[in-house]
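# Results of the structural survey
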Amino acid sequence: MIRFFNQLKIRLFNKENQVYNYCPLCEDPQTFFKPIPDFYIESWKKHQYKYFGSGEMIALKTYSCSTCGASDRERLYSYWILKQFGKKLFDYSKVIHFSPEAALENQIRSKFKFYETADLISDAVNHRVDLMKLPFKDNTYDFFICSHVLEHVIDDKIAVKELYRILKPGGRGILMVPISLALKNTIEDIENEDEYFRWQNFGQFDHLRLYAHDDYVELIKNAGFCLDQLDKTYFGNKIFKLMGLKDSSILYIVEKK
Ligand SMILES: [Zn+2]
């Protein structure tokens, strides 16, 4: 861990204290962060998306890494995951990654002794699963990553309970969803399949809801999880800036005690 931070320091602040962009996935010193693809901006405008720009985490102007394509949130997950190695449980973790993000999967696959992937639709995974009915025994995994999946699932309460069930006591997970800072309560409509309606209200054609922070926290805690909300205060202003993250970003780490 100390070595990791020393390397980071050398890489980021060498010549004349010049600050570089930092992507923990590719660590390319020449990288820069690209805006979110035009497709999203155009789709949000076209459908008059009601909550445009209010995402807790989406860094519209510094969204993806120019070198490896990692998104803002992938950079935060990667940074946190790398910091966990060296801790006893993590090194020997049995890990499952739901709907795996490509750049993150490439980076962490070989780092864990036991790493599996799962998805509802994709064939390029170890397990084809429905998050509401996971085909795993209780207390199977030490760690999971489940990011931006729950907003696609019909019953997110059941899905979060399933994640709790398959995790070993003491196990942890990265559990993330799209959250709008403009919302006081989570909005949801699992019946209306109209794509225009979904773009307009939830910001994407296949999302069934858009989360509000407090309701999301309640959803997690009601399933039995303990929750750590790691924000800019935890990671530091400097690393948020280097990684091109939005100031309001929060990393949700759940734990089964
Ligand atoms: Zn990168």
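You'll find the structure just up there.
Now for a quick tour of the structure. (Residues numbered from 1 in each chain as written. Predicted model: local features only at pLDDT ≥ 70, side-chain atom pairs only at ≥ 80, totals over all residues. Heavy atoms only, no water.)

## Thoughts on the pairing of strand β11 (residues 251-255)
- Within β11, four of the five residues are buried, which leaves the element mostly enclosed by the surrounding structure.
- Looking at chain direction, strand β7 (residues 167-176) and β11 are connected through three bridges and run antiparallel. Along β11, the bridge assignment pairs Gly173 with Val254.
- Strand direction decides the pairing type here: strand β10 (residues 226-230) and β11, joined by five bridges, are antiparallel. Bridging from a neighbouring strand, Leu227 pairs with Val254 of β11. (Buried < 20%, exposed > 50% of the residue type's maximum accessible area, 1.4 Å probe, protein only. Helix = DSSP H or I, 4+ residues; strand = E, 2+ residues; numbered from the N terminus. Pairing = 2+ DSSP bridges.)

## Structural notes on the coordination of the zinc ion
- Protein coordination at the zinc ion comes from Cys23 (SG), Cys26 (SG), Cys65 (SG) and Cys68 (SG), with a distance range of 2.3 Å.
- One can describe the site at the zinc ion as tetrahedral: its four donor atoms subtend angles covering 101 to 117 degrees at the metal.
- The sequence motif formed by the donor residues of the zinc ion is C-x2-C-x38-C-x2-C. In this pair, Cys23 sits in the loop between α1 (2-12) and β1 (33-34) while Cys68 sits in the loop between β2 (64-65) and α3 (72-84), placing the two residues 45 residues apart along the sequence. (Donors = N, O, S within 2.8 Å, 3.2 Å for Na, K, Ca; no water. Tetrahedral: all angles 85-135°; square planar, octahedral: opposite > 155°, others 65-115°.)

## Describing the side chain of His47
- Mapping His47 onto the fold places it in the loop between α2 (38-46) and β2.
- Residues within four places of His47 in sequence aside, it is in contact with Tyr196, Trp199 and Gln200. (Contact = heavy atoms within 4.5 Å.)

## Quick look at the layout of surface pockets
- Its boundaries defined by the atoms lining it, the largest pocket holds a volume of some 670 Å³.
- Every residue lining the largest pocket is counted, 29 residues in all, and those nearest its centre are Ser99, Asp119, His148, Val149 and His152.
- Of all the secondary-structure elements, those providing two or more residues to the lining of the largest pocket are α3, α5 (102-108) and β4 (114-119).
- For the second largest pocket, the calculated volume is near 520 Å³.
- Lining the second largest pocket we find 29 residues, and of these Ile58, Arg73, His148, Gln204 and His207 sit closest to its centre.
- Residue contributions to the lining of the second largest pocket peak at three residues, all from α2.
- In terms of residue class, the lining of the second largest pocket is built from 17 nonpolar, nine polar and three charged. (1 Å grid on protein atoms, 1.4 Å probe; cavity = no way out; pocket = protein on both sides within 12 Å on 5 of 7 lines; lining within 4 Å. Points joined across faces, edges and corners; volume = space filled by probe spheres on them. Nonpolar A, V, L, I, M, F, W, Y, C, P; charged D, E, K, R; others polar.)

## Section: the environment of Ile58
- Within the secondary structure, Ile58 sits in the loop between α2 and β2.
- For the pair Ile58 and Glu188, spaced 130 residues apart in sequence, the C-alpha to C-alpha distance is 20 Å.
- In this structure, Ile58 is in contact with Ile36, Trp44, Tyr63, Asp72 and Lys246, ignoring residues within four places of it in sequence.

## Describing the sheet that holds β10
- Spatially, seven strands are ordered β5-β4-β3-β6-β7-β11-β10 in an open sheet, and the strand pairing comes out mixed. Only two strands of the sheet have a single partner each, and these edge strands are β5 (127-128) and β10.
- Against the sheet, helix α6 (residues 156-166) engages β3 (94-98), β6 (141-147) and β7, with an angle of about 140 degrees to β7.
- Docked against the sheet, helix α8 (residues 213-222) engages β7, β10 and β11, running at close to 145 degrees with respect to β10. (Axes fitted to C-alpha atoms, helices over the stretch in contact; angles between N-to-C directions.)

## Brief notes about the packing of aromatic side chains
- Per the stated rule, a full pass over the model turns up 25 aromatic pairs.
- Aromatic side chains Phe98 and Phe144 sit 6.5 Å apart centroid to centroid with 70 degrees between the ring planes, which places their arrangement in the edge-to-face category. Taken together, the residues span a long stretch of sequence, with Phe98 in strand β3 and Phe144 in strand β6 at a distance of 46 residues. The two residues Phe98 and Phe144 agree in class, both being buried.
- Three or more aromatic residues joined by ring pairs make a cluster, and in this case those are Phe39, Tyr40, Trp44, Tyr49, Tyr51, Phe52, Trp199 and Phe205.
- The lysine or arginine in question, Arg75, covers the ring of Phe33, its NZ or CZ lying 3.8 Å from the ring centre.
- Stacked on the ring of Tyr141, the Lys or Arg Lys94 has its end atom at 5.8 Å from the ring centre. (Phe/Tyr/Trp six-rings, centres within 6.5 Å; stacked < 30°, edge-to-face > 60°. Lys NZ or Arg CZ within 6 Å of the ring centre and 35° of its normal.)

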